[in-house]
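Results of the structural survey
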Amino acid sequence: MTNRISHIEIDDSGLPAPTPEIEQERKVAVFDLLEDNSFALPARGDKVPPEGPYRLTLAIRERRLVMDVTTEDDQKAGEFHLSLGPFRQVVKDYFMICESYFDAVKKLPPSQIETIDMARRGIHDEGGRVLQERLDGKAIVDIDTARRLFTLICVLHFGGQ
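Within any chain, residue numbers begin from 1 and follow the written order of that chain's sequence. With pLDDT at 70 or above as the cut-off, local features in this predicted model cover only qualifying residues; side-chain atom pairs require 80 or more to be listed or tallied, and sums for whole chains, interfaces and linings still use all residues. To obtain the side-chain values, all non-hydrogen atoms of the structure were used and water was disregarded.

Going along the chain from the N terminus, every DSSP run of H or I of four or more residues is numbered as a helix, and every run of E of two or more is numbered as a strand. When helices and strands are counted, the protein chain shows four helices and six strands. Each helix (α) and strand (β) of the protein chain, taken in turn from the N terminus, gives the series β-α-β-β-β-β-α-α-β-α. The globule rule is 2.2 Å times the number of residues to the power 0.38, and the radius of gyration it is compared with is taken over C-alpha atoms. Taking 161 residues into account, the globule formula puts the C-alpha radius of gyration at 15 Å, and the protein chain, at 16 Å, falls close to it. Along the three orthogonal principal directions, the C-alpha set of the protein chain runs to about 55 × 30 × 25 Å.

Now the structure itself:
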């Protein structure tokens, strides 16, 4: 399948090191993303983008999310600079609920953990929808891919606040 991401790199140079919990979220998101994703670049006017699979590098530069897309043979396919503003509140909410979740796992019964996890998934879904909206006209991603990419944006945002 060519409409997918085959490699992902997180450029966190210059950012503080993530906490162990955040690093674990990052590893899981990258693994899940590479296992199953849908990522395509739409034609822009008469310009047809190179076919994938794609390599994606995520970074924060000058307070913007940068998504650099190349083909597997290192041909430039696109670069998107997205304002972090639309993500701020949902990222903040996501970190708050994740902190509650990590604390709950240590000391609360499964029924309470499940309630917090449901809230966490709801915020995660919202982050994925925001990303899909921000990528409109730039890249086509399904909701599961958007959710996983949102997790990686949170990891970067954590260090780039």
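Text resumes after the structure shown.
All right, on to the packing of helix α2 (residues 88–107) against helix α3 (residues 110–134) then. With their axes 9 Å apart at the nearest point, α2 and α3 run at an angle of 160° to one another. Between α2 and α3, the angle is such that the two are roughly antiparallel. Between α2 and α3 lies a crossing whose hand is left-handed. On the side of α2, the interface is formed by V90, D93, Y94, I97, C98, S100, Y101, A104 and V105, while α3 contributes I113, I116, D117, A119, R120, I123, H124, E126 and G127. For every element, the axis is a line fit to its C-alpha atoms; helices are fit only across the contacting stretch, and the angle between N-to-C directions ranges from 0 to 180 degrees. With respect to orientation, any angle under 35 degrees is reported as roughly parallel, any angle over 145 as roughly antiparallel, any angle of 65 to 115 as roughly perpendicular, and every other angle as oblique. In a left-handed crossing the near helix is turned counterclockwise from the far helix by less than a right angle, and in a right-handed crossing that turn is clockwise. In what follows, residue pairs with any heavy atoms lying within 4.5 Å of each other are defined as contacts.

Counting through the fold element by element, I116 comes out in helix α3. Overall, I116 belongs to the buried group, its relative accessible area being 17%. Sequence-wise, I116 and S100 are 16 residues apart; in three dimensions their C-alpha atoms are separated by 7.3 Å. Dropping the residues within four chain positions of it, I116 is found in contact with I97, S100, Y101, A104 and L108. Relative accessible area decides the class of each residue, using a 1.4 Å probe on protein chains only: under 20% of the type maximum gives buried, over 50% gives exposed, and in between gives partly exposed.

Turning to the environment of I5, a few remarks are in order. Examined against the element boundaries, I5 turns out to sit in strand β1 (residues 5–11). Its relative accessible area of 0% is what places I5 among the buried residues. Each C-alpha atom of the pair I5 and L131 lies 16 Å from the other, and the pair is 126 residues apart in sequence. When near neighbours in sequence (up to four residues on either side) are disregarded, I5 contacts L33, L34, N37, F39, Y54 and L56.

Turning our attention to the side chain of T70. Topologically, T70 is positioned in strand β4 (residues 64–71). Taking the relative accessible area as the measure of exposure, T70 reaches 13% and is therefore buried. If we ignore the near neighbours within four places in the chain, the residues touching T70 are P53, Y54, R55, Q75, K76 and A77.

What follows covers a negative patch on the surface. There is a patch of like negative charges on the surface, built from D32, E35, D36, D142 and D144. Mapped onto the elements, D144 comes out in helix α4 (residues 143–160). Each patch is built from residues lacking any salt bridge and having more than 30% relative accessible area; the joining distance is 9 Å for like charges and 5 Å for nonpolar side chains (Val, Leu, Ile, Met, Phe, Trp, Tyr). Here, Shrake-Rupley sampling with a 1.4 Å probe gives the accessible areas, and only protein chains in the shown set may cover a residue. The salt bridge criterion pairs a side-chain nitrogen of Lys or Arg with a carboxyl oxygen of Asp or Glu, the two atoms within 4 Å. Under this rule, positive means Lys or Arg and negative means Asp or Glu; His and the chain ends count for nothing. Positions of charges follow a simple convention, taking NZ of Lys, CZ of Arg, CG of Asp or CD of Glu.

Now for helix α1 (residues 20–35). A helix is expected to reach a length of 1.5 Å times the quantity of its residues less one. For α1, built from 16 residues, the straight-helix expectation of 22 Å at 1.5 Å per residue is met to within 8% by its first-to-last C-alpha distance of 23 Å. Within the sequence span of α1, burial applies to I22, E25, R26, A29, V30 and L33. Axial view of α1: buried residues confined to an arc of 130°, hence all on one face. Away from its buried face, by an angle of more than 90 degrees, α1 presents the exposed residues P20, K27, F31 and E35. Directions drawn from the helix axis to the C-beta atoms are what define this arc.

In an α-helix, one full turn covers 3.6 residues, which means residues spaced three or four apart are oriented alike. A rise of 1.5 Å per residue sets the reference length of α2, with its 20 residues, at 28 Å; its end C-alpha atoms lie 29 Å apart and thus fit the reference within 8%. Here α2 has its buried residues at V90, V91, Y94, F95, I97, C98, Y101, F102 and A104.

With that settled, the discussion passes to the sheet that holds β1. With mixed pairing, four strands are arranged side by side in an open sheet as β1-β3-β4-β5. Bordering the open sheet on either side are β1 and β5 (76–83), each of which pairs with just one other strand. The average angle at which neighbouring strand axes cross in this sheet is 15°, direction not considered. Following DSSP output, two strands are said to pair if at least two bridges run between them. Here β4 runs beside β5; their pairing, made up of seven bridges, is antiparallel. Bridge pairing in β5 places V69 opposite G78.

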